[in-house]
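As a plain string of letters, each chain reads:
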Amino acid sequence: MARKKSTAKSVEEIPDDGAVAPEEGKVVRKALKRSKKAPKRTPKKVPKKAPVRGGKKAGKKKKSKRTRRNGLGSGEGPPEVDDLILIPVRNMILFPGVVLPLMVGRERSIGAIQAAVEEGQQVGLLLQRDEQQEEPGPDELHEVGTVAEIVRYWTAQDGRHQAICQGVQRFRVLEYTQREPFLVARIELIEQHEPRSRAIEARFVALKQRAGEVLALSPGAPEDLAQAVQAIDSPSMLADMVATFMDVPAVEKQEVLETIDLKERLDRLNTMLGELSEVLKLSHKIRQDTKGALDQAQREYYLREQLHAIQRELGEGDEKAEELRELAAAIDALDLPPEADNEARKELRRLERMPEQAAEYSMLRTYLEVFTELPWNAETPDRLDLARAERILDEDHYGLEKVKKRILEFLAVRKLNPDGRGPTLCLIGPPGVGKTSLGRSIARAMGRKFVRISLGGIHDEAEIRGHRRTYIGAMPGRILTGLRKAGSKNPVFMLDEMDKLGRGLHGDPSAAMLEVLDPAQNDSFQDSYLGVPFNLRHTLFVATANVLEGIPGPLRDRLEVIHLPGYTEEEKLQIARRYLVQRQLEACGLKAAQCRIDVAALREIIRNYTREAGVRNLEREIGAVCRSVATLFARRRRKPVRITPAKIHEILGPPRFDREAAMRMTTPGVATGLAWTPVGGEILFIEATRMPGKGKLLLTGQLGDVMKESAQAALSLVRNRAEALGVEPAFFDEGDLHMHIPAGAVPKDGPSAGVAMFTALVSLATGRRVKRDVAMTGEVSLRGFVLPVGGIKEKVLGALAAGIKTVLLPARNERDLEEIPAPAREKLDFVLVSDVDEALEAALR
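Along each chain, the written sequence defines residue order, and numbers are assigned to residues from 1. Local features in a predicted model are, by the rule used here, given only for residues with pLDDT of at least 70; side-chain atom pairs are given and counted only at 80 or more, and totals for whole chains, interfaces and linings are based on all residues. Side-chain measures here rest on the full set of heavy atoms in the structure, leaving out hydrogens and waters.

## Some remarks on the packing of helix 21 (residues 616-634) against helix 22 (residues 645-652)
Working step 1: To obtain an axis, a line is fitted to C-alpha atoms, over the contacting stretch when the element is a helix, and the angle between two such axes runs from 0 to 180 degrees between their N-to-C directions. The way it works is that DSSP assigns letters per residue, a run of H or I at least four long becomes a helix, a run of E at least two long becomes a strand, and they are numbered from the N terminus. Axis separation between helix 21 and helix 22 bottoms out at 10 Å; the angle between their running directions is 90 degrees. In terms of axis orientation, helix 21 runs roughly perpendicular to helix 22. Contacts between helix 21 and helix 22 involve Glu621, Ala624, Val625 and Ser628 from the former and Ile648, Ile651 and Leu652 from the latter.
Working step 2: Grouping the constituent residues of the contact of helix 21 with helix 22 by class yields five nonpolar, one polar and one charged. For this classification, under 35 degrees means roughly parallel, over 145 means roughly antiparallel, 65 to 115 means roughly perpendicular, and everything else is oblique. By definition, residues are in contact when any of their heavy atoms lie within 4.5 Å. Polar here means any residue outside two lists: the nonpolar Ala, Val, Leu, Ile, Met, Phe, Trp, Tyr, Cys and Pro, and the charged Asp, Glu, Lys and Arg; Gly therefore counts as polar.

Have a look at this one:
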């Protein structure tokens, strides 16, 4: 059952004894037929120096005393114990009642079978434990085997010794009585009892049924074998027959042979057949699926060939030929560089020779389609009219005068030197200040197409350079994909969120961007998918980022950075009036006459419902107001709606932000500092208090190491100047100081809060309060100097938004005041301080 093809080899290849596995269920009958036709040969006599113990001389026809005495297989009385010639076999188990061919190759086995034939004896077949052992001894053989009757023995023309054996009965070895020239042992015959009971009968029927199922699933199973199995009416004989033809290892068959109890043997075979049946069912399903897929592919191939023949008869064009002609025409229409032209035509010739059914056909066709769709020479003419560009920038953006001035300078250089390799612009600023819209305005001003890709979260170099064509689904990188979408080789290409490029196991995309943005290299940009250089020199790249520090140094070196500051309250108001309100009215399907938002209402939203450097949240809140009005008109309202500050509270709810300067504590020990964040400047409170203790300093508020060091420096400076400040030493020695910065869930770090920390400690020690409307920034040294810090513009705008009136700045930051918008400078008083004494004089009451 599920038998494998014969693995029998010649004596030279397999010099051992074993069964030739039956093939197509007819090996035994063929072997018998061949043995009758083969010329009879006189068996070689056993050498005199190694006679069979207890036997007579070779060549005698009279049976030996041992043969007459054992009566094996005669069915006479109870089993007897007698000597039996043994033949070790491997990969073969002969069961009682089964006929199998045996090929004998080892000299000891040849002598043993010739002696048995000459004396007319039966032999015992024992499976050896290690099939690699050439001369197995008694310890290397199993104890239970099968007594076999030699039906036919002959020597083939090629010198191989072959025999046909029929299993007679199981036996167990009791004692080995001879080892040379072959094995002889005293054995005990194992009687096979065959009780007939319902349990045996049920297992017998189940085994016969399962054997039929397995034979039906087995490819190449002989037809007469299934009929023979169904004709057997003996449970024991059925079990031995099934075990013989099962495709299982010889060791498992040996276990069946050693199972004497019939019920247990039937259970074991039922289990083995069940497992084999599941395997054959799965194998049958796989074969059917494979055959079905193959048949479908053949069917499609023949139908496609017939379709081609019909098209040729009708004079219609072949679909493949038409595609090839289109690709060839597209390549001809492109004025390609020599290297690219050679590559394209080489791949086109490969495609012509390739059948459509080939797996690589669709991949190669897609490659050529992408190749021909790239803008190798297509470009849009530049419109470098500076007056028009300035008008467009003013229409699209309010304020940002310095940024607009730099963009106009860039366009002026382009106009005077079109072939010049100018730098790549990089717009740095907080979210919502108009970086992306500035890129669109540049494209509109120059008359070019606009392409934008987001680099945030990219951590694979192949996203920039493309995947190699060996990968399934490979495509060009995002640079060439953007140019292909634009259809022009000179668009304005915006690289958004460049500071959020990642790095992973598949390379560093920021390193791949070096070639893209370097004017000296990008005229021969190499995409892994394309495989040939592509010229990016005519593409105008504009990058954006929130934080300059997030861009790697080598990449930053190839960019010209333009900082975009946050908007003041007045700028936000103008932007809302000019752009945001109209945009949200159109989004909600409202007309300007249906909804009017007062300036006071817009100012209320800016002050109490948003706190940002840009206008993204402001537009979101205006959209909420417009949706509320749209709901009224959807309910058949006819009168126009006017939005006042009072209605803002009804629609948006209570204010989300308070004027933090009004919340200043009236007790000593509190100072207001200024902080820079990626989304703009903010104010922060420095709170200090004293409690009984031993002079320790406790810092809380999720402070970084640098900020903690600033607090320690501020305390040391206060203690050093205690006498000048009128503070008793016991204030520090007999109590602990606790300094806290609220918003403890937000990490804070940096040295710029040093002046505010020093002021808060002095206020606590002297009992003098800090002025409500004063905020400060600056680093302090142990000598009392106020050192410069960064982010002045963002911090000042954050102070203005929080209601601060006076800002203390380091004197060495005076040059940064020029970057602050004029409306903000007019609303604030700036005090430039060089040391902490000047800071205390301006901050304390």
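## As for the side chain of histidine 397
Working step 1: Its location among the elements puts histidine 397 in the loop between helix 12 (386-396) and helix 13 (401-416).
Working step 2: Within polar-contact distance, the side chain of histidine 397 engages the backbone oxygen of serine 437 at 3.4 Å.
Working step 3: Among the polar contacts made by the side chain of histidine 397, one reaches the main-chain amide nitrogen of leucine 438 at a distance of 3.4 Å.
Working step 4: Discounting residues that sit within four places of it in the chain, histidine 397 has contacts with Lys404, Gly434, Ser437, Leu438, Ser441 and Tyr579. N or O atoms closer than or at 3.5 Å make up a polar contact, with two conditions inside protein: a donor-capable atom paired with an acceptor-capable one, and, for residues adjacent in sequence, both atoms drawn from side chains.

## Some remarks on a positive patch on the surface
Working step 1: Taken together, the side chains of Arg769, Lys771, Arg772 and Arg845 make up a positively charged region of the molecular surface.
Working step 2: If you trace the backbone, lysine 771 turns up in the loop between helix 26 (754-766) and strand 21 (774-776). Residues enter patches when they are more than 30% accessible in relative terms and free of salt bridges; like-charged ones are connected within 9 Å and nonpolar ones (Val, Leu, Ile, Met, Phe, Trp, Tyr) within 5 Å. Using the Shrake-Rupley algorithm and a 1.4 Å probe, accessible areas are obtained, with residue cover drawn only from the displayed protein chains. For this analysis, a salt bridge means a side-chain nitrogen from Lys or Arg found within 4 Å of a carboxyl oxygen belonging to Asp or Glu. A residue counts as positive if it is Lys or Arg and as negative if it is Asp or Glu; His and the chain ends are not included. Throughout, a charge is located at the NZ atom of Lys, the CZ atom of Arg, the CG atom of Asp or the CD atom of Glu.

## A few points about the pattern of salt bridges
Working step 1: Scanning the entire structure with this criterion turns up 35 salt bridges.
Working step 2: For arginine 90, the salt bridge is made with glutamate 134, and the minimal N-O distance between the two is 3.6 Å. Remark: glutamate 134 occurs in the loop between strand 4 (123-127) and strand 5 (144-155) and arginine 90 occurs in the loop between strand 2 (81-89) and strand 3 (99-104); sequence separation between them is 44 residues.
Working step 3: Between arginine 469 and glutamate 343 there is a salt bridge; the shortest N-O distance is 3.7 Å. Here glutamate 343 lies in helix 10 (residues 338-353) and arginine 469 lies in the loop between helix 15 (462-465) and helix 16 (478-486), a separation of 126 residues in the sequence.

## Some words on the nonpolar core
Working step 1: Core analysis: the biggest nonpolar cluster contains 56 residues, and Leu94, Leu125, Leu207 and Leu273 have the highest contact counts within it.
Working step 2: Among residues more than four places away in sequence, those in contact with leucine 94 are Leu100, Leu125, Thr146, Ala148, Cys165, Gln166, Gly167 and Leu257.
Working step 3: Residues grouped as a nonpolar core are buried Ala, Val, Leu, Ile, Met, Phe, Trp, Tyr and Cys residues, joined through side-chain atoms within 4.5 Å. Burial classification: accessible surface area is computed with a 1.4 Å probe over protein chains only, and a residue below 20% of its type maximum counts as buried, one above 50% as exposed, and the rest as partly exposed. Within the second largest apolar cluster, 52 residues are counted, among which are Phe410, Leu540, Ile562 and Val615.

## Describing the pairing of strand 8 (residues 424-428)
Working step 1: Among the five residues that make up strand 8, five are buried, leaving the element largely enclosed by the rest of the structure.
Working step 2: The two faces of strand 8 match: Thr424, Cys426 and Ile428 on one face and Leu425 and Leu427 on the other face are all buried.
Working step 3: As paired elements, strand 8 and strand 14 (residues 559-563) share five bridges and run parallel to each other. Within the sheet, the bridge partner assigned to leucine 425 lies in strand 14 and is glutamate 560.
Working step 4: Any two strands between which DSSP finds at least two bridges are classified as paired. As judged from the four bridges shared by strand 8 and strand 13 (residues 540-545), these two strands associate in the parallel manner.

## Examining the environment of alanine 576
Working step 1: Counting through the fold element by element, alanine 576 comes out in helix 19 (residues 569-587).
Working step 2: Sequence-wise, alanine 576 and glutamate 619 are 43 residues apart; in three dimensions their C-alpha atoms are separated by 7.4 Å.
Working step 3: Leaving out residues up to four positions away in the same chain, alanine 576 has contacts with Val581, Leu602, Leu618 and Ile622.

## So, the confidence of the model for the protein
Working step 1: Scored by pLDDT, the protein comes out at a mean of 81, with 86% of its residues at no less than 70.
Working step 2: Here residues 1-16 is modelled with pLDDT under 50, and outside its nearest four sequence neighbours on either side it reaches 48 contacts, counting other chains as well. pLDDT is a residue-level measure of predictor confidence that goes from 0 to 100.

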